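Close look at the chain arrangement
Listed here are the chains, written in short residue letters.
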Amino acid sequence: MVYTLAQIAARLGGRVLGDAGVEIAQVATLEQADSGKISFLANSKYRGKLALTGAGAVILSDADADATDLPRIVSSNPYAYFAKVSALLNPYSAVPCGVHPAAIVGKGAKIDPSASIAAMATIGEGVEIGARSVIGEGCFIGDNVRIGVNVRLYPRVVVYHDCVLGDNLIAHSGAVIGADGFGFAMEEGCWIKIPQIGRVVIGKDVEIGANTTIDRGALDDTVIEEGVKLDNQIQIAHNVRIGAHTAIAGCVGIAGSTTIGKRCQIGGSAGILGHLQIADDVVIASFTLIGKSIHEAGSYAAIFPFGKTEDWRKNAVHLRHLDEMNRRIKRLEQSKQES
Amino acid sequence: MVYTLAQIAARLGGRVLGDAGVEIAQVATLEQADSGKISFLANSKYRGKLALTGAGAVILSDADADATDLPRIVSSNPYAYFAKVSALLNPYSAVPCGVHPAAIVGKGAKIDPSASIAAMATIGEGVEIGARSVIGEGCFIGDNVRIGVNVRLYPRVVVYHDCVLGDNLIAHSGAVIGADGFGFAMEEGCWIKIPQIGRVVIGKDVEIGANTTIDRGALDDTVIEEGVKLDNQIQIAHNVRIGAHTAIAGCVGIAGSTTIGKRCQIGGSAGILGHLQIADDVVIASFTLIGKSIHEAGSYAAIFPFGKTEDWRKNAVHLRHLDEMNRRIKRLEQSKQES
Amino acid sequence: MVYTLAQIAARLGGRVLGDAGVEIAQVATLEQADSGKISFLANSKYRGKLALTGAGAVILSDADADATDLPRIVSSNPYAYFAKVSALLNPYSAVPCGVHPAAIVGKGAKIDPSASIAAMATIGEGVEIGARSVIGEGCFIGDNVRIGVNVRLYPRVVVYHDCVLGDNLIAHSGAVIGADGFGFAMEEGCWIKIPQIGRVVIGKDVEIGANTTIDRGALDDTVIEEGVKLDNQIQIAHNVRIGAHTAIAGCVGIAGSTTIGKRCQIGGSAGILGHLQIADDVVIASFTLIGKSIHEAGSYAAIFPFGKTEDWRKNAVHLRHLDEMNRRIKRLEQSKQES
């Protein structure tokens, strides 16, 4: 697929400067781009790269509009513009409509004729699958699951019974949606399983990374609101609610019944304990454990700074004596006052 | 399925107060319950909720027996009682016995006629599967695996050859049991693989969460004792032994050859280094790395307290100077003594 | 399979002492070995175990050559030698060549006749698979993937389109190679997906653990160089490069565009932030977050030392006041100087 700058701008907006007839077939970084490719500059700090790029065209902010003579599109948000150009140039490869003969579909399933069910997929009874949705190879969809339109499940996604997947969901391979939450009652030294009878309900425009797990609710539902983006290997426990447009990086664990606000950003390998409330617009650093509710937007962290092992060892040993250290300082202060 | 309070108590014990003929179809929280539902109060602290609930009946401790006029069952352990009521009201949906025509079964496999092998499952040679066990869609069971009675493997569980799964095991989708442990010898700058010839041996009444991995032993076996409960995305390395009735929350990693005692509780995203011994009845906090053996029951932690990023930064910088700080205090103490 | 010590030494080198005709059928630890088994002593510290072992033979270093009268093989690297003996005694079980009738192969795929494609596997269009490679049950191989010779994919591995897998790769069940990286542009409060058009390119002699995920590059490729060993449940983000012969333990997360040097060793549950450079021969402790580039070989750590929860609590509270503590010490020092 090839578009001229003029054709791109006609579809996506933006102002073309220079030769609007330049043909663009692909996107690339400024470093790697050659003449058939378009690149972008999102941060004026890297302006120097424009002089060296082999790109056929670039996407720039208003502030950088004159920083090059290359054919260019000026946009108020070059990075988002670039994302849209890339989507235009890299559409999903066409998938045949209908149910592959090596797929299995349960009784009463309602599958839109424009949907695609790949080989080795198994679709439970009473499942509903909307228009243009693609269920990849070897996916398992439990009974009575409802799947919206334009959903894309990559191969080997598992969705347990009764869950609800909103429109435009993308879920990557190995994601497990709706497994039992971790709920047990202790009786005489043994754990008794508490049936997990809630569902997972996912809003529209969500993306779920590879091998991420979202447990079904114990009694009520686990809820992922619209526009949430989850990276790989995230664990979301039962009855969690994640607010709209929140983005969570890889390997994060969120314990049961915690509610996370809208537009939060959570760094990789962070954790949030259970039964907490996290406000809207909270940013949590990587590797940070949140052990109490956060009621105020802002940025939070708890990272132990790394060092050479010998330095770390020398310093870390005192962490077991901080209270004593504090008392020693207090004694010195008192003796100073007394003197 | 509907039961009266009297019928429930006849099966599960407990003392009925109020109308024993009330019909109950489902369980729910005090907040969400309506007249056909039964709820529970496990903690007297929340007694106030009883006045507001719409539940048709509740489960209470002796201490709270008179805290409401609602039809009720009094039990010494309301939460465990509730778990059993829920299991009664929410049985597994019936699964057809036998081998689905789209499953593949290897030579010499012995599958109990009451067991169920779902579509797309592949069962290796010489596998034994006990009565009423369910092997879900797309599971892979390696050669010579032995599976007890009443086991439930959800779709896409993988069990490598020769492993042993005890009675009543529940394993959720994406769990991988018996993959090779991480064992290599270094020779001239390259890693040489050490064949992993042990097995994974799992006792009865175990539950394994979605996408959890349990590696086979290098030479001897990896062992999960009876009653152990493992949440999602846990990694258990080769030759680990986990004691009976221990519960481990999500995202925990346990390194090779470590032995964990009975009735331990390990918080989410914690870690335990290799070749350690952890005593019985040890509780480990979330996000805590255990780097030495623990010989005494009790509660252990190592969490860096989170704060606003600007506060964290201001404080954390001193972690690289704790040893110096200690020396400065010592100097002050010495000069005080001298003065 | 049984080998005499003489036959083993003829294949693998080393010096035989004692009865070279002893027959060996398996490897075992010194503690568990009986007469048909060979064990090893890698560390002279454990020499005392030699007197107690029931092993038929042992592998020893030159320094320990005379520490026992048992039939033995002397090697400069007993652990590596043991790995090779074990590989000799424990070859992969034979796998039938060819495509299982319950596998599906796309148009234009080129599969070497000595390769094996198991049941329920789906192979995309234009895929190339080299000699003696084994694609396990239920694997998914996307369009145009290139797989070298002697590769072994265990059941349920997913490889997205266009990725390249080098010779001798071992990938365990649940591994996902080539899923989309986590790339979004923010526009007016919503995340816009950035198509991930790079690949994953994996060198020869790599091993990938169960449920590990390696994302495809955003524009350029994600690269795993030769000889890299990855444990289970590792997350490698888009455009990461991992240098040759680096070994990474379980549950590690590596954020986007980071480059890791050759021969590094990274402990379990560690993390490395994005856009960093890690030098060759760096050792990173378990549970350590690396937040800045490391330009010098050596060992690095950032572990919070664990303790009894009551001790931890008493000490940890002061972490929020380290800056104040530092100021208090400074004031004491100043007042001392003034006095």
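Higher on the page you've got the structure.
Thresholds applied
Starting from 1, residues in each chain are numbered consecutively following that chain's sequence as written. Ligands are numbered from 1 and chains lettered from A, in the order in which they are written. pLDDT decides what is reported in this predicted model: residues at 70 or higher carry local features, side-chain atom pairs at 80 or more are listed and counted, and totals for whole chains, interfaces and linings draw on all residues regardless. No hydrogens and no water enter the side-chain calculation; it runs on all heavy atoms of the structure. Any two strands between which DSSP finds at least two bridges are classified as paired. Numbering of helices and strands runs from the N terminus; a helix is a DSSP stretch of H or I covering at least four residues, while a strand is a stretch of E covering at least two. A fitted line through C-alpha atoms represents every axis, and for helices the fit uses only the stretch in contact; the resulting angles, taken between N-to-C directions, go from 0 to 180 degrees. Here roughly perpendicular refers to angles of 65 to 115 degrees, roughly parallel to angles under 35, roughly antiparallel to angles over 145, and oblique to all remaining angles. Crossing handedness: left-handed means the near helix sits turned counterclockwise from the far one by under a right angle, and right-handed means the same turn made clockwise. Contacts were defined at the residue level, with two residues in contact if any of their heavy atoms lie within 4.5 Å. Side-chain classes follow a simple rule in which Ala, Val, Leu, Ile, Met, Phe, Trp, Tyr, Cys and Pro form the nonpolar group, Asp, Glu, Lys and Arg form the charged group, and the remainder, Gly included, forms the polar group. The term salt bridge refers to a pairing of a side-chain nitrogen on Lys or Arg with a carboxyl oxygen on Asp or Glu at a separation within 4 Å. Throughout, exposure labels follow a simple rule: accessible area from a 1.4 Å probe, protein chains only, divided by the maximum for the residue type, with under 20% read as buried, over 50% as exposed, and the rest as partly exposed. Buried Ala, Val, Leu, Ile, Met, Phe, Trp, Tyr and Cys residues that are joined via side-chain atoms within 4.5 Å together make up what is termed a nonpolar core. Copy-to-copy superposition: least squares on the C-alpha atoms, limited to residues that have pLDDT of at least 70 in both copies. Ring pairs shown here join Phe, Tyr and Trp side chains whose ring centres sit within 6.5 Å, with only the six-membered ring taken for Trp; geometry is labelled stacked below 30 degrees between planes, edge-to-face above 60, and tilted in between. Geometrically, a lysine NZ or arginine CZ counts as sitting over a ring once it is within 6 Å of the ring centre and also within 35 degrees of the ring normal.

**Topic: the sheet that holds strand β9 (residues 104–105) of chain A**
Residue and element names in this part refer to chain A. Across the sheet, 10 strands lie side by side as β9-β12-β15-β18-β21-β26-β29-β32-β35-β38; this open sheet has parallel pairing. The outermost strands of the open sheet, each flanked by one partner alone, are β9 and β38 (289–290). Pairing of strand β18 (residues 158–159) with strand β21 (residues 176–179), which is carried by two bridges, proceeds in the parallel orientation. Bridge pairing links valine 158 to valine 176 in β21.

**A word on the packing of helix α1 (residues 5–12) of chain A against helix α2 (residues 78–89) of chain A**
Residue and element names in this part refer to chain A. Axis separation between α1 and α2 bottoms out at 11 Å; the angle between their running directions is 110 degrees. Between α1 and α2, the interaxial angle falls into the category roughly perpendicular. Here α1 and α2 pass one another in a crossing that is right-handed. In this structure, α1 uses Ile8, Ala9, Arg11 and Leu12 to contact α2, whose residues at the interface are Tyr81, Lys84, Val85 and Leu88. The class makeup of the residues in the contact of α1 with α2 is six nonpolar, no polar and two charged.

**Topic: the pattern of salt bridges**
Scanning the entire structure with this criterion turns up 42 salt bridges over all chains. The residue Lys49(C) makes a salt bridge to Glu31(C) at a minimum N-O spacing of 2.7 Å. Note that Lys49(C) is positioned in the loop between β5 (37–40) and β6 (57–60) and Glu31(C) in the loop between β4 (26–27) and β5, a separation of 18 residues in sequence. For Lys49(C), a relative accessible area of 32% puts it in the partly exposed group. In this structure, the salt-bridge partner of Glu225(C) is Arg241(C), at a minimum N-O distance of 2.7 Å. In this pair, Glu225(C) sits in the loop between β27 (222–224) and β28 (229–230) while Arg241(C) sits in strand β30 (residues 241–242), placing the two residues 16 residues apart along the sequence. Exposure remark for Arg241(C): the relative accessible area of 35% places this residue in the partly exposed category. Each of Asp180(A), Lys193(A) and Glu207(B) takes part in a single network of salt bridges with overlapping partners.

**Quick look at the nonpolar core**
By size, the foremost hydrophobic cluster in this structure holds 193 residues, and its most contacted members are Leu153(A), Leu153(B) and Leu153(C). With sequence-adjacent residues up to four places away left out, Leu153(C) is seen in contact with Val134(C), Ile135(C), Gly136(C), Cys139(C), Ile141(C), Ile147(C), Val159(C), Leu165(C), Leu169(C) and Ala171(C).

**Some remarks on the relation of the copies chain C and chain A**
What relates the two chain copies is a rotation about an axis together with a slide along it. Superposition record for chain C on chain A: RMSD 0.0 Å, screw rotation 120 degrees, translation along axis 0.0 Å. Classification of the inter-copy transformation places it as that of a three-fold axis. Mapped onto chain A, only 19% of the interface residues of chain C are again interface residues, and the two copies thus contact each other with different surfaces.

**With respect to the packing of aromatic side chains**
With the rule as written, the count across this model stands at 20 aromatic pairs over all chains. With centroids separated by 5.4 Å and ring planes inclined at 35 degrees, the aromatic side chains of Phe40(A) and Tyr79(A) adopt a geometry described as tilted. Pair noted here: Phe40(A) is in strand β5 (residues 37–40) and Tyr79(A) is in helix α2, with a separation of 39 residues, a long-range link. Linked through ring pairs, Phe40(A), Tyr79(A) and Phe82(A) together constitute an aromatic cluster. Lying over the aromatic face of Tyr46(C), Lys49(C) brings its terminal NZ or CZ to 4.9 Å of the ring centre.

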